[in-house]
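# Observations on the three-dimensional arrangement
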Amino acid sequence: GRLAGKTALVTGAGSGIGRAIASRFAAQGATILFTDIDGDRAAQAASAAGGHAMRLDVTDEAGWAAAAEQAEAVLGGLHILVNNAGICEPGSVEDTDLASWRKTHAINLDGVFLGCRTLLPLMTRTTERDGHGGAILNISSVSAMVAAGNFASYNSSKAAVRHLSKSVALHCARKGYAVRCNSIHPTFIDTPLIDGLGAGADHGAMIAKLARQVPMGRVGDTDDVAWAAVYLCSDEAKFVTGAELVIDGGLSAQ
Ligand code: NAD
């Protein structure tokens, strides 16, 4: 496998993109700690793909410390961190209340910061010890580059993740760490998150509507993202850091 001998922690791995990434990583030979705020969903995903599971709310600083201990205990260290957990609550700047704004930034942005800060020491120790390359991958969104009027808090949080990723990448590079950091920017991907975008619209109708906005005429599937994640977290990408990869069927090329 392309990730043989590596260990990885994925957040929000109980559903959608996170589950697909963690499962692809497992199939490529990595040993995975599936984490999610919904511990049952994390456990189900881990048992289907083969891997370990724990409940982790990415906004919880103490939870991250426990995750670092768990990674050391069950994986023996950590090479790869995928900060994937995220939410999307639609709303223009005028109709986003402060609670929703803060919740979105707490999960989508603070969660990524806490993950990087808490796990980098373990990742650098692990990669120094065994000579394997390490990688942090942050799941941002194409909405970090192309905004929409009705997603004020989401656009803001995802744009911040895009730039935080570059800051982490430069820090690691200058320190000589064998840990790279990149971000992925998908457009609409067919997951349960899509259902929150259209007030009560059924899933199929929502997908068809979104597909019309994409030059390739369809929304993405979770594997469109997972294969890019495999590449960016493998040693195939050993000179790639601070990069941003759009996975958007041409949306942002317009
Ligand atoms: P999803 O709703 O299918 O899965 C998200 C998972 O995150 C769920 O299992 C949920 O329980 C978990 N989660 C929510 N809050 C959490 C918290 N505080 N701590 C830990 N886990 C938490 O969504 P998805 O579409 O798979 O989204 C995954 C990531 O991809 C998100 O960051 C999202 O913004 C991003 N993204 C999604 C799309 C899309 O169209 N689906 C497009 C671009 C980017």
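Reference entry: report on the structure contained in this document. Just so it is clear, the structure is predicted and the values come from calculations on it, not from any experiment.

## Quick look at the site of the ligand
Near the ligand there are 27 residues, and of these Ser15, Asp36, Asn84, Tyr154 and Thr191 occur at the shortest range. Contact between the ligand and Asp36: an oxygen atom at 2.6 Å from a side-chain N or O atom of the residue. Between an oxygen atom of the ligand and a main-chain N or O atom of Ile189, the distance comes to 2.8 Å. Of all the cavities here, the one that holds the ligand is the largest pocket. Looking at the shell around the ligand, the elements with two or more residues in it are helix H1 (16-27) and helix H5 (152-175). A class-by-class count of the residues in the shell around the ligand yields 14 nonpolar, nine polar and four charged.

## Here's the deal with the packing of H1 against helix H7 (residues 222-233)
Working note: a packed helix pair is described by the angle between its axes plus the distance between those axes. Here H1 crosses H7 at 50°, and the two axes come no closer than 8 Å. The orientation of H1 with respect to H7, classified from their angle, is oblique. Considering how the two elements wind past one another, H1 and H7 form a crossing that is right-handed. Taking contact as the criterion, the partners of Gly16, Ile17, Ala20, Ile21, Arg24 and Phe25 in H1 are, on H7, Thr222, Asp223, Val225, Ala226, Trp227, Ala229, Val230 and Cys233. Tallied by class, residues from the contact of H1 with H7 come to ten nonpolar, two polar and two charged.

## Notes on helix H2 (residues 39-49)
Within H2, burial applies to Ala42, Ala45 and Ala46. Viewed end-on, H2 has its buried residues packed into an arc of 100°, placing them on one side of the element. Across H2 from its buried face, at more than 90 degrees, point the exposed residues Asp40, Ser47 and Ala48. Along its buried surface, H2 packs onto H1, strand S2 (31-36) and strand S3 (52-55). Backbone nitrogen of Asp40 and a side-chain oxygen of the N-cap are separated by 3.2 Å at the start of H2; the cap is Asp38.

## What about the pattern of salt bridges?
Going through the model one piece at a time under the given rule, you end up with eleven salt bridges. Across the pair Arg24 and Asp223 runs a salt bridge whose closest N-O atoms are separated by 2.7 Å. Of this pair, Arg24 sits in helix H1 while Asp223 sits in helix H7, placing them 199 residues apart in sequence. By relative accessible area, Arg24 is classed as partly exposed at 26%. Between Glu244 and Arg162 there is a salt bridge, with its nearest N and O atoms 2.8 Å apart. Here the residue Glu244 occupies a position in strand S7 (residues 244-247), and Arg162 occupies one in helix H5, the gap between them amounting to 82 residues. Note on Glu244: relative accessible area 31%, which makes it partly exposed. Here Arg162 falls in the partly exposed class, since its relative accessible area comes to 25%. Here the salt bridges share partners, and the residues they tie into one network are Arg162, Lys166 and Glu244.

Scoring rules and cut-offs
- Residues numbered from 1 in each chain as written.
- Predicted model: local features only at pLDDT ≥ 70, side-chain atom pairs only at ≥ 80, totals over all residues.
- Heavy atoms only, no water.
- Near = heavy atom within 4 Å.
- Polar contact = N/O pair within 3.5 Å; in protein donor to acceptor, adjacent residues only side chain to side chain.
- 1 Å grid on protein atoms, 1.4 Å probe; cavity = no way out; pocket = protein on both sides within 12 Å on 5 of 7 lines; lining within 4 Å.
- Sits in = over half its atoms within 2 Å of the grid points.
- Helix = DSSP H or I, 4+ residues; strand = E, 2+ residues; numbered from the N terminus.
- Nonpolar A, V, L, I, M, F, W, Y, C, P; charged D, E, K, R; others polar.
- Axes fitted to C-alpha atoms, helices over the stretch in contact; angles between N-to-C directions.
- Parallel < 35°, antiparallel > 145°, perpendicular 65-115°, else oblique.
- Left-handed = near helix turned anticlockwise from the far one by under 90°.
- Contact = heavy atoms within 4.5 Å.
- Buried < 20%, exposed > 50% of the residue type's maximum accessible area, 1.4 Å probe, protein only.
- Arc of directions from axis to C-beta.
- Salt bridge = Lys/Arg side-chain N within 4 Å of Asp/Glu carboxyl O.

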